[in-house]
Amino acid sequence: MGGRWAFVVVSALAFVACGDGLLENGPVDHTTSAGTGAYGGDDPGVGGSGGSSGRTPVDPSQAPLGAHFASEGGLTIVTRSTAATRIEAWLYDAPKQAAERLVVQLERDGDTWRAAVEPDVLADALGEGPVYYGLRVWGPNWTYDPSWSPGSTAGFIADVDADGHRFNPNKLILDPFAREMSHDPDYDWGVFATGPDHRTKDSAPTVPKGVVLPLDVAAVDTGPRPERELKDHIIYEVHLRGLTMQDPSLPQALRGTYAGAALKAPYLADLGVTAIELLPLHETQNDQNDLTPDSVDGDNYWGYSTLSYFAPDRRYAADKSPGGPTRELREMVRAFHQQGIAVLVDVVYNHTGEGGHWDAEGQVAPLISWRGLDNAAFYKAGYDAAHYHNSNGVGPDVAAASPLAQDMVLASLRYWHEELGVDGFRFDLASVMGNLCNGNCFGFDPQAPMLTRPVAELPDAILIAEPWAIGPGTYQVGNFPAGWAEWNDGYRDDLRADQNRLHIEEVTPGWLANRMSGSWERFGDDGRSPWASINFLVAHDGLTLRDLYSCNTKNNGLGWPYGPSDGGTDNDIAWDHGGDAAAQRQATRTGLALLMLSAGTPMITGGDERYRSLICNNNPYNLDSPANWLDWSPPPSSIFNFARSLMRFRLAHPALRPESFRPDGDANNNGIPTIGWFQDDGGPADAAYLDDPDNSFIGFRLDGEEAQDSVRSIYVGYNGWDQGLNVTLPPLAPGHGWYLVSDTHSWLEGDDNFIEGGALLADEPYLLGARAMLLLVEKPL
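Quantities reported herein were computed from a predicted structural model and do not represent experimental measurements.

Asks: Requested: an account of the overall build of the chain, with residues and values cited.
Replies: If you tally the helices and strands in the chain, you get 16 helices and 29 strands. In terms of overall size, the chain behaves like a compact globule, its C-alpha atoms giving a radius of gyration of 29 Å where 781 residues would be expected to give roughly 28 Å. Evaluated residue by residue, the chain yields a buried proportion of 62% over its 781 residues. Taking all contacts inside the chain whose residues are at least 6 apart in sequence as the whole, residues at least 24 apart take part in 73%. Seen as two clouds, the 53 positive and the 106 negative side-chain charges of the chain have centres 2 Å apart.

Asks: Any chance you could break down the confidence of the model for the chain for me, citing the residues and the numbers?
Replies: Summarising the model, the chain shows a mean pLDDT of 92, and 93% of its residues fall at 70 or more. In this model, residues 1–37 is a region of pLDDT below 50 whose contacts with residues beyond four sequence positions or in other chains number 99 contacts. With pLDDT under 50 throughout, residues 41–53 is counted as low confidence; its partners more than four residues away or in other chains account for 30 contacts.

Asks: Explain the side chain of Arg 522 to me, and be specific about the residues and the numbers.
Replies: Position of Arg 522 among the secondary structure elements: in helix α12 (residues 520–524). When its relative accessible area of 16% is taken as the criterion, Arg 522 is described as buried. A polar contact of 3.3 Å, which involves the side chain of Arg 522, links it to the side chain of Tyr 475. At 3.0 Å, the side chain of Arg 522 and the side chain of Asp 489 are in polar contact. In this structure Arg 522 touches Tyr 475, Val 477, Gly 478, Asn 488, Asp 489, Gly 490, Arg 515 and Arg 528, once residues within four positions along its chain are discounted.

Asks: Explain the environment of Ala 482 to me, using residue names and the numbers behind them.
Replies: Considering the arrangement of structural elements, one finds Ala 482 in the loop between β18 (462–465) and β19 (485–487). For the pair Ala 482 and Phe 640, spaced 158 residues apart in sequence, the C-alpha separation works out to 36 Å.

Asks: Would you mind going over the sheet that holds strand β13 (residues 275–278) in detail, with residue names and values included?
Replies: Sheets are built from strands that pair by backbone hydrogen bonding, the pairs being arranged parallel or antiparallel. Strand order in the closed barrel formed by eight strands is β12-β13-β16-β17-β18-β19-β20-β21, and the pairing between neighbours is parallel. For this sheet, the mean angle separating the axes of adjacent strands, direction not counted, is 30°. Inspection of the sheet shows β18 paired to β19 by two bridges, in the parallel sense. Among the inter-strand pairings, Ile 464 is bridged to a residue of β19, identified as Ala 485.

Asks: Please give an account of the pattern of salt bridges that cites residues and values.
Replies: A complete count under the given rule lists 41 salt bridges for this structure. Taking the shortest distance from any N to any O, the salt bridge between Asp 319 and Arg 327 comes out at 3.6 Å. On the accessibility criterion, Asp 319 (29% relative accessible area) is partly exposed. In this structure, Arg 522 and Glu 521 form a salt bridge, with 3.7 Å as the shortest nitrogen-oxygen distance. When its relative accessible area of 30% is taken as the criterion, Glu 521 is described as partly exposed.

Asks: Describe the packing of aromatic side chains, with residues and values.
Replies: Applying the stated criterion across every chain yields a total of 26 aromatic pairs. Ring centres of Phe 310 and Tyr 415 lie 5.8 Å apart, and the angle between their planes is 45°; on these two criteria the pair is classed as tilted. Residue Phe 310 is found in strand β15 (residues 306–312), and its partner Tyr 415 is found in helix α8 (residues 403–419); the two are separated by 105 residues along the sequence. Of the residues examined, Phe 310 reaches a relative accessible area of 1% and is grouped as buried. Of the residues examined, Tyr 415 reaches a relative accessible area of 5% and is grouped as buried. Relative to Tyr 388, the ring of Tyr 379 has its centre 5.7 Å away and its plane inclined at 75°; by these criteria the two rings are edge-to-face.

Asks: Quick rundown of the environment of Trp 632? Include the residues and the values.
Replies: Structurally, Trp 632 is set in the loop between β21 (601–605) and α15 (637–652). When its relative accessible area of 13% is taken as the criterion, Trp 632 is described as buried. With near-sequence residues (within four places) excluded, Trp 632 lies in contact with Leu 243, Thr 244, Gln 246, Asp 247, Pro 248, Lys 264, Tyr 267 and Arg 610. For Trp 632, the side chain forms a polar contact with the main-chain oxygen of Leu 243, separated by 2.9 Å.

Basis of the calculations
Residues numbered from 1 in each chain as written. Predicted model: local features only at pLDDT ≥ 70, side-chain atom pairs only at ≥ 80, totals over all residues. Heavy atoms only, no water. Helix = DSSP H or I, 4+ residues; strand = E, 2+ residues; numbered from the N terminus. Rg over C-alpha atoms; globule rule 2.2 N^0.38 Å. Buried < 20%, exposed > 50% of the residue type's maximum accessible area, 1.4 Å probe, protein only. Contact = heavy atoms within 4.5 Å. Lys, Arg positive; Asp, Glu negative; His and termini not counted. Charge placed at Lys NZ, Arg CZ, Asp CG, Glu CD. pLDDT = per-residue confidence, 0-100. Polar contact = N/O pair within 3.5 Å; in protein donor to acceptor, adjacent residues only side chain to side chain. Pairing = 2+ DSSP bridges. Axes fitted to C-alpha atoms, helices over the stretch in contact; angles between N-to-C directions. Salt bridge = Lys/Arg side-chain N within 4 Å of Asp/Glu carboxyl O. Phe/Tyr/Trp six-rings, centres within 6.5 Å; stacked < 30°, edge-to-face > 60°.

So this is what it looks like as C-alpha cells:
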C-alpha cells in the first residue's frame, strides 16, 4: 500500500476541522518543502501552505507506533487494532474543552493503521504549538455511517456484541501507543461509558489526549548502562514521589519528581545500592491525591492502575509541558547510570486502569483507551464475551493469549528499555501474563509469549516476576522460565517465622540453610541460579522492616497521615519483641544481616535503612502522605550506619554472591569446602541436625579463595534461640585469625554493630547472644 501514502496523507477525502464543524475537501497537494521546528512544524514560517515542489511526502510505512513529528516536518500516526473497521485521529491544540483542529483518517494494513500529515496541513491547522490527539473508532457493533457526528447514534448496533466488540465513535480514545498523556480522566466517568444512558455522550472535551513529543526529547542521553550481573545487585524498592517529597535538601519544586529522584543517586550509591526499583511510573489516575491533601478519599498512591503503557506519569515531572515528563525521566535515568545504579520499573501488564463493566449484563463499561480500540483483543473474556476474567483482584485481565496484547506489552517494554534507558522491570502479578487458558479459567504456561518474548527480544533487560495473582492456579513461584528472577515469598516467610515465631512455628536449620543458599527446590531444580531468588523480608505492600519487629498485628484504621487503609494481610508473621526498643532494633539488624549474607539477590524497601515506621499500617496503597514518604531527619546510627556498612561489605565480597548453587566439596583443595555448615559446637551440621526444629543455631563458612575474595574465608553464625550460645569456630590456617566484623546483638550498638576491617578475636568459643547474628572473616594475623 506504499503508493497510496505518496498521493495523499489524510485520505482521498480529507476531513479538516474548522471551528466546531467539519469541512469535506477534495484532494490537497501536500508537497510543501518545510524545515522542522521544535514541535515538527515549518521553521521558519510555520502556518504557511506554500513551498517548493518536489519534496518527498511524509511516509508513515516505517513510522513507530503512536503519533510522532517527522524529522522532515509533518506528523505520522500509527496504531493497531484487529477488529476496527474505521479509525480517525482527531487533533487538538489544547488537551481539554477544545474543538478539533484536524481530523485524519487512518489507512489499514493488516492489523496496523497508519496515516501521515504533511507539514503545511499540520501548520495550517495547529500552528507552531503542541499537538494533542485521540482516536474515533468504528467496528462490527457500531458501523460507520457518513451521517454520524459526535453525540449521534448513527451506525449503532449494540454496546457489546457476541464477539466482545465495544466500539463507540462518541468516545474519543486515548491511543494506547501515545508517548505521553495530557491529563488524568475527569472523575465523572459516565461520559466515557457505554450503555443506554451514556453511549451518545461525547467524551472528547475531557478525555485524556495523546501528546506528540517535541523532536528534541529523543536527544536526551540516558548514559551507559551499569555493567553488573543481577547476582551482584542490591535492590532498593521505593516510590518515586515518596523518595523526595519531604527531603529538605532539595528545592521545593523538585520534591516528588524525576528530577528530585535524580539528585538522590549519590546518596543511594554511597549506601551501597546498585539498583533502584521504582513503583509504577506509567500514567495512572493520581491527580485526585492533590485535591484532598489531608484525606485518603479516592487516592491512588502506589499506582497499580495503568492508563498508558508508554507514557511516564506527568504528576512526577517538575516540567509538565509536552515532552517534559519524558525528557526529565531520561535525565533521571542518566543520573542513576552515572552513579553505577541500574533503574528498574514496576510494571502492571496483568490489568489496566480502565476498569470493568458496571452492570450485571456487561453492557455498561468505560471506554478510555484499549477497550475502545479493540476490547476483544486486549482483555480476556469471562464466561461470555460481555464479561471479563479477573485473576488480579482489580479489573479485567489483559489477554495474555492475544497476539495484539502480546505485541503491545513487548512494544512497551522495548520503548522503556531501549529509548527511555530503563534497565529492567518488576512485573506485578506476573503469573497472569502466563495464562493461556481459553475461557473463564486460569492455566499457567511458562512458555507463554508474554514470558518468553522479553527474554529473547530484550536479552540484557532484568526481568523480575511477582509470581502469583488471585485465585486457583495463580501461585507460580519457581515456575517461570529461564531468564526470569522471582520474588521469593518462601524466603520472606521462613525467615520471619524463625525470627518472630520461636516456640510457635517450626523452622528447621535445614530450611534456613536452603533459603540462605538460594532456595534450590524453587530455582535450582530447573537449572536456574541463586540470583533468580529475589530475597526480601518486606516490600511496599506490607509492614516496614521496623514495623515487622515492632508490631504484632496490622493497624490500618489510624487517621491521617497514617491511614485509614483497607485490606492488608492478617498474617504478617510480625512480633513486637515484648515492646523492648533495644530488642526491636537488634531484630531489625539481624534481619538485614540475614538478607545481605544470603545467596540470591537482596531487596530492601526505601527507608528500611532509616528505620522507617508506618505505625503498623500494612497496606498504605492510598497514603500519599508525609507518613508514607521517606523521613529525611537523622536516623538511628545503629541502624543506618549498620545497614550501609553491611551492604558495602556484600559488594566487596564475591564469595557472598555465587553465580551458581554452591557444590559440595573442596573445589580448590585448600582445606575449605566451597560452603560448610556447622553446629554451635563446631561440628558439621549433618542431616539429623538440619532437620531438627529444636536446633536454633546454624553456621556456615565460605571459601573466599575459591571466589577470588580478599579474605581466606567468611564465617556467619546465626543464633535464633532466646538464650546466648557458646559458638566453637572452624579451624584456621596457620598464621591466620578470625576477625570480628559484625555482631547484631545490642552489646555492640555503641560501634553501630560493625567493625570496619574487623577486630582480631583472642578467645574461643565466641559467646553469641540470643537472636543475634555473627560475621567473621579469616585473614592473616
